[in-house]
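Chain and residue survey
What follows is the residue order along each chain.
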Amino acid sequence: MGRYLLRRLFIAIPVLLGITFVAFAALALAPGDPILARIDPSILAQQSPEWIEERRRELGLDRPIPVQYVKWLSGLVQGDLGYSVATRRSVGDELRTRLPVSLKLMGAALLFGIVVGIPFGALAALKQHSRLDYALSSLTMLLISTPTFFLGLLAIYLFGVHLRLLPTGGMATLGAIPSLADQIRHLVLPATVLGLRNAALLMRHTRSSLLEVLREDHVTTARGKGLSQRVVFLRHVLRNALIPIISVLGFLLPELVVGAVITEQVFAWPGMGFMAVRAAADRDPSMLMGVVLVVGIGVLISTLAADIAYAVADPRVRFTQKQKTWI
Amino acid sequence: MDLTQDEQRPARTRRGPGPWARFLRHRLACGGAVFLGVIILAALLAPWVGRHDPFHTELERLNQAPDAVHWLGTDLIGRDVWSRVIHGSRTSLTVGILAVALSTLIGSLLGALAGYSGGPVDQAVMRATEVMMSIPVLLMVMLFVSLLGPSLASVTLVIGLLGWSSTCRVVRGEVLVLREKEFIVAARSLGNGHARVILRHILPNTVGPLSVIATFGFANAILLEAALSFLGLGVPPPTPSWGGMLNEAQSPTVLAGMPWLWMAPGAAIALTVLAVNFIGDGLRDSADVRSL
């Protein structure tokens, strides 16, 4: 296990560097004076040109790109993400306030996806070729094909405008006394819309994973021994079938992020995605650079965690050097 | 079909129906192909099918509900919605086809190179795909749009340039198996160069999985373009695009009072992507590609 862990971590290092390189490329390619994205604008405005030239030299902005990259990276390690060109605020501060807001939405959506997707996927697999199976499979395909924003608009139209059941924008009622119930009511629609796509993807994977295990010899053997369907399913099928789902969960995060960007826009949810869309519209690469870094590193960590969890659950992974290919 | 490929397949497929027959048996895939055919035809014949000029604004007919003249009503500045939906298919299909062609080209060449050479080249390409997979394409496109500004060309180019990672991984996996086969060894020992072996002997044998992944990639590219246009970062107005039409529906008055403005383009995206996904499912089952 130790060897596997080390090898896996070792592979992640160049990927991490690659992510920072993409983020830096955004800064390097941005039009305008690069110092605007690196020094607090309120300080910059008060200083003499000599002082600014001094900082420019310190940051290596007069040197070749590779030197600039190394200087930027050493600042990044110390938590210096620079400043937004458009809003003039610190990128790090902005991300710190926005990220928890997004995580709340994404966490609720993921929970919804797991709670709905895995049981229904199992149901479809157990009743393969039944009407229920066809209905569920068609529904998942429809959900995977429907763009999140259309789903969101439909949800607002139905539940917000016509039925007037739920609030359709923001995180809480403006001007009202903050309460948990109010916050949860605001979370229901966006989390469900975002979660449906994840539920559909998880359902598809759970179904095919279960079908694969159901065909295996040890399941036939277990049935042949005279074990009840329930015991066969819980002990011999489900446990084996859920292992591949671990890596699906790891690969769900990029989907979740993309969905969150769009869902936050539709429901005016003031998270990181909402901010990213505004930054793109404002032509603000230094802010998007921060989002790309946070998301890239987050996805890298989650795939790493999924791989390690997989190796814990399925020892064969540790001993065969063959790499899993997932798309 | 050559012998080497048959060996790895279960015996029943040798006598059973070929890939085409298996695809035709997949009812949903056939339905999807017919629907996509209709959409392509509508895109080609848009000026006739659309019946109206998609850019023409009728100032005396703003925000009209659907009637006999304007099948899907008119929008906020009096343009015919039916015509804009029909012309919007051109945008979606153009971006989808060009982007997927570009990413398939890059992905298959890089994947073949990685799988065929192995060693440090393989390692470098694989790490690069992992970087690409860690940053969702939508975010990357947003980053590039913030640098270049939105336009039809930049959206297509960026989706195409950034969407190759899954193609690359799949082709690499296929090539790893193929390069050990006898016919490749034979082709090499006959004096063919590496480039010729890759292009003439290896890549043609990855067409099955490649067509499946390109089909799903096509669906994804359409969704991406729609999402970007919806966010106001894609195809700029006045060019009709399905995602852009939904962008206009974000105001509460349109959303609640004029559903004809956004329901039709939304349904058009969903149905087109659904059709393409069904085709992909059918191709996967008929090409016998398990891992996808």
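Figured I'd write up the structure that's included with this text. Each chain carries its own residue numbering, running from 1 in the direction its sequence is written. As they are written, the chains are lettered A onward and the ligands numbered 1 onward, keeping that order. This being a predicted model, a pLDDT of at least 70 is required before a residue's local features are given, and a value of 80 or more before pairs of side-chain atoms are given or counted; all residues contribute to the totals for chains, interfaces and linings. Side-chain numbers here rest on the full set of heavy atoms in the structure, without hydrogens or water.

Time to look at the overall build of chain B. Only DSSP runs of H or I covering at least 4 residues are called helices, and only runs of E covering at least 2 are called strands; the numbering of each starts at the N terminus. What chain B contains, in helices and strands, is 16 helices and zero strands. With respect to the three principal axes, the spread of C-alpha positions in chain B is 75 × 45 × 30 Å. Accessibility here uses a 1.4 Å probe with only protein chains present; expressed as a share of the type maximum, an area under 20% marks a residue as buried, one over 50% as exposed, and anything in between as partly exposed. By the burial criterion, 53% of the 292 residues in chain B qualify as buried. Whether two residues are in contact is decided by their heavy atoms: any pair within 4.5 Å suffices. Of the contacts made within chain B by residues no fewer than 6 positions apart, 71% connect residues no fewer than 24 positions apart. Computed with a 1.4 Å probe, the accessible areas rest on the Shrake-Rupley method; for each residue, only the protein chains presented here act as cover. Of the roughly 12,800 Å² that chain B leaves accessible, carbon and sulfur atoms contribute 66%.

What follows deals with helix H9 (residues 152–162) of chain B. Every buried residue of H9 of chain B is accounted for by Ser-154, Val-155, Thr-156, Val-158, Ile-159, Gly-160 and Leu-162 of chain B. Tucked inside the fold, the buried residues of H9 of chain B contact helix H6 (81–117), helix H7 (119–134), helix H8 (137–148) and helix H13 (207–230) of chain B.

Here we take up the pattern of salt bridges. Where charged atoms from two side chains of opposite charge approach closely, those side chains can pair. The salt bridge criterion pairs a side-chain nitrogen of Lys or Arg with a carboxyl oxygen of Asp or Glu, the two atoms within 4 Å. Per the stated rule, a full pass over the model turns up 12 salt bridges over all chains. Taking the shortest distance from any N to any O, the salt bridge between Asp-307 of chain A and Arg-8 of chain A comes out at 2.6 Å. Separated by 299 residues along the polypeptide, Asp-307 of chain A in helix H12 (residues 285–313) and Arg-8 of chain A in helix H1 (residues 2–29) bring together distant segments of the chain. The exposure classification of Asp-307 of chain A matches that of Arg-8 of chain A, with both residues buried. The salt bridge partner of Arg-284 of chain B is Asp-285 of chain B, with a shortest N-O separation of 3.9 Å. A relative accessible area of 41% places Asp-285 of chain B in the partly exposed class. Among the ionic contacts, a cluster of salt bridges with common partners joins Arg-204 of chain A together with Asp-281, Arg-284 and Asp-285 of chain B.

By secondary structure assignment, the location of Asp-284 of chain A is in the loop between helix H11 (272–281) and H12. For the charge count, each Lys or Arg is scored as positive and each Asp or Glu as negative, with His and the chain ends excluded. It is Arg-278 of chain A that comes nearest to the buried, bridge-free Asp-284 of chain A among opposite-charge side chains, at 8.0 Å. In terms of polar contacts, Asp-284 of chain A uses its side chain to reach the side chain of Ser-84 of chain A, at 2.6 Å. In this view, Asp-284 of chain A contacts Ser-84, Val-85, Ala-86, Thr-87 and Ala-279 of chain A together with Ser-146 of chain B; residues no more than four positions away in its chain are not counted. Residues adjacent in sequence count toward polar contacts only when both atoms are side-chain atoms; beyond that, a polar contact is any pair of N or O atoms within 3.5 Å, and within protein one must be able to donate a hydrogen and the other to accept it.

All names here are of chain B. Patch membership needs two things, relative accessible area over 30% and no salt bridge, and members are linked within 9 Å if like-charged or within 5 Å if nonpolar (Val, Leu, Ile, Met, Phe, Trp, Tyr). A cluster of nonpolar side chains, Ile-40, Leu-41, Leu-44, Leu-45 and Trp-48, forms an exposed patch at the surface whose accessible area comes to about 560 Å². Among the elements that line the nonpolar patch, the one with the most residues is helix H4 (residues 27–44), at three residues. Of note, Leu-44 is situated in helix H4. Here Leu-44 falls in the exposed class, since its relative accessible area comes to 59%.

Interfaces are often described in size by the accessible area the parts lose on coming together. Between chain A and chain B, the contact holds 52 residues from the first and 47 residues from the second. By buried area we mean the combined loss of accessible area, with a 1.4 Å probe, across both parts when two parts are placed together. Taking both partners together, chain A and chain B bury about 4,400 Å²; carbon and sulfur atoms supply 77% of that area. On inspection of chain A and its partner chain B, the count reaches one salt bridge. The partner of Asp-281 of chain B in a salt bridge is Arg-204 of chain A, with the nearest N and O atoms 3.1 Å apart. There are four residue pairs in polar contact (both at pLDDT 80 or more) connecting chain A and chain B. Contributing elements (two or more residues each) for the side of chain A that touches chain B: H1, helix H6 (131–145), helix H7 (148–162), helix H8 (180–214), helix H10 (229–266), H11 and H12 of chain A. Tallied by class, residues from the side of chain A that touches chain B come to 41 nonpolar, six polar and five charged. When residues are grouped by polarity, Ala, Val, Leu, Ile, Met, Phe, Trp, Tyr, Cys and Pro land in nonpolar, Asp, Glu, Lys and Arg in charged, and all others, Gly among them, in polar.

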